[in-house]
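Commentary on secondary and tertiary structure
So the chains spell out like this:
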Amino acid sequence: MITSLIVGNWKMHGTQAHCFDLAQRIAQNLRRKPARADVVLAPPYTALAQVKRVIKNSKIKLGAQNSHWEESGAFTGEISPVMLKDAGCEFVILGHSERRHILQESDIIIAKKVDAAVRNGLRPILCVGETLKERRSGRTAMVIARQLRIALKGLVKGGIDRIDIAYEPVWAIGTGQTATPVQISQVHKRIRQFLKRSFGAAKAGRVRILYGGSVAPDNALTLMETPEVSGLLVGGASLKAETFLPIVHCLSKN
Ligand code: PGA
C-alpha cells in the first residue's frame, strides 16, 4: 500500500511570523491527531528555517517550491538543491504551472532540475498539466506525455523511486473549478501507463500520483477516493489551518 501524500504549497505568501504561526497550528493539531498521510509544507524560501523549527519533533516534512539545477555558481537570485538540503528540505516542487507559464520554464529546464534534485537527495514533486486551450483541442494526453517524457528522460538509475508526480490541470489552479473524478482518473491512468512502459510495472506501481487544482475541505475526500489518486497538492486552502487540516484528515473519517 502506498502512503498518501498531502502537500501544502504556500506559494509567495506569508512573512516569517505568519508562516511560523501557520506551521505551528498545523503541527500542534497533527501531534494530537496524527494524519493518515505524509504531510509536506512548502513555505517560501524566507520562511524555511522558521517552519523547520516548528516541525522538528513532528512527522511533517519540509518542502521547497523550486530549485536550480546547478549545485552552486554565478546564478544571481537562485537557490540550489544543495542549499535546500542544507536548509532541511526533503521535498521540492518542480515544474509547477506557474513556473512553466509565468516564468517560462521549459520542459528541458524542468528535466535538469528534476535530475539535480534527485542526485542531491531531494524528492521532487513533478507537476504536469494541460491548459484549458490544450484540453479543449483534445491535446491533454499528448501534452502530459511530453511533459513526463522530457522531465524523466535523464533520470539516474532508480531515480523514479524518489519522485512523486502531481497532475495539476492549469485551468483548475486557483479557479475554484476542480477537475471531475472522471477527468482526473483518465489522466492519472495515462500517467501510470506511461510510467509502466518506461520503468516497468513494479516501479510504476509505487509512484504516488497527486491531484492539484482547487482542492478544498469539501472536495478532498471525493478526490482522494478517485481511482489512481494517491495524494493532493493544495495551494489556496493550505494557507489557513482551518481549511488545510480538514483536507489532511479527510481520510480519517472513513
Ligand atoms: P490551488 O493551487 O489549490 O490554489 O488551486 C494548487 C497549486 O497551485 O498547487
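Notes on the structure follow. Bear in mind that the values here come from a model prediction, so they are computed numbers and not experimental data.

Structural notes on the packing of aromatic side chains
Within this structure, the stated rule accounts for 2 aromatic pairs. On the numbers, 6.4 Å between centres and 65° between planes, the contact of Y167 with Y211 is edge-to-face. One end of the pair, Y167, is in strand 6 (residues 164-167); the other, Y211, is in strand 7 (residues 209-212), with 44 residues separating them in the sequence. Among the residues examined, Y211 registers a relative accessible area of 0% and is labelled buried.

Topic: the environment of A117
One can find A117 in helix 5 (residues 107-119). Sequence separation of A117 and S137 is 20 residues, and the distance between their C-alpha atoms is 34 Å. Among residues more than four places away in sequence, those in contact with A117 are P81, V92, L94, L122 and P124.

What to know about helix 5
Taking 1.5 Å of rise per residue, the 13 residues of helix 5 would be expected to cover 18 Å, and the 18 Å separating its terminal C-alpha atoms lies within 8% of that figure. For helix 5, the full list of buried residues reads D107, I110, A111, K113, V114, D115, A116, A117 and V118. Looking one or two places after helix 5, you find G121, whose phi comes out positive at around 80°.

Conventions used here
- Residues numbered from 1 in each chain as written.
- Predicted model: local features only at pLDDT ≥ 70, side-chain atom pairs only at ≥ 80, totals over all residues.
- Heavy atoms only, no water.
- Phe/Tyr/Trp six-rings, centres within 6.5 Å; stacked < 30°, edge-to-face > 60°.
- Helix = DSSP H or I, 4+ residues; strand = E, 2+ residues; numbered from the N terminus.
- Buried < 20%, exposed > 50% of the residue type's maximum accessible area, 1.4 Å probe, protein only.
- Contact = heavy atoms within 4.5 Å.
- Expected span 1.5 Å × (residues − 1).

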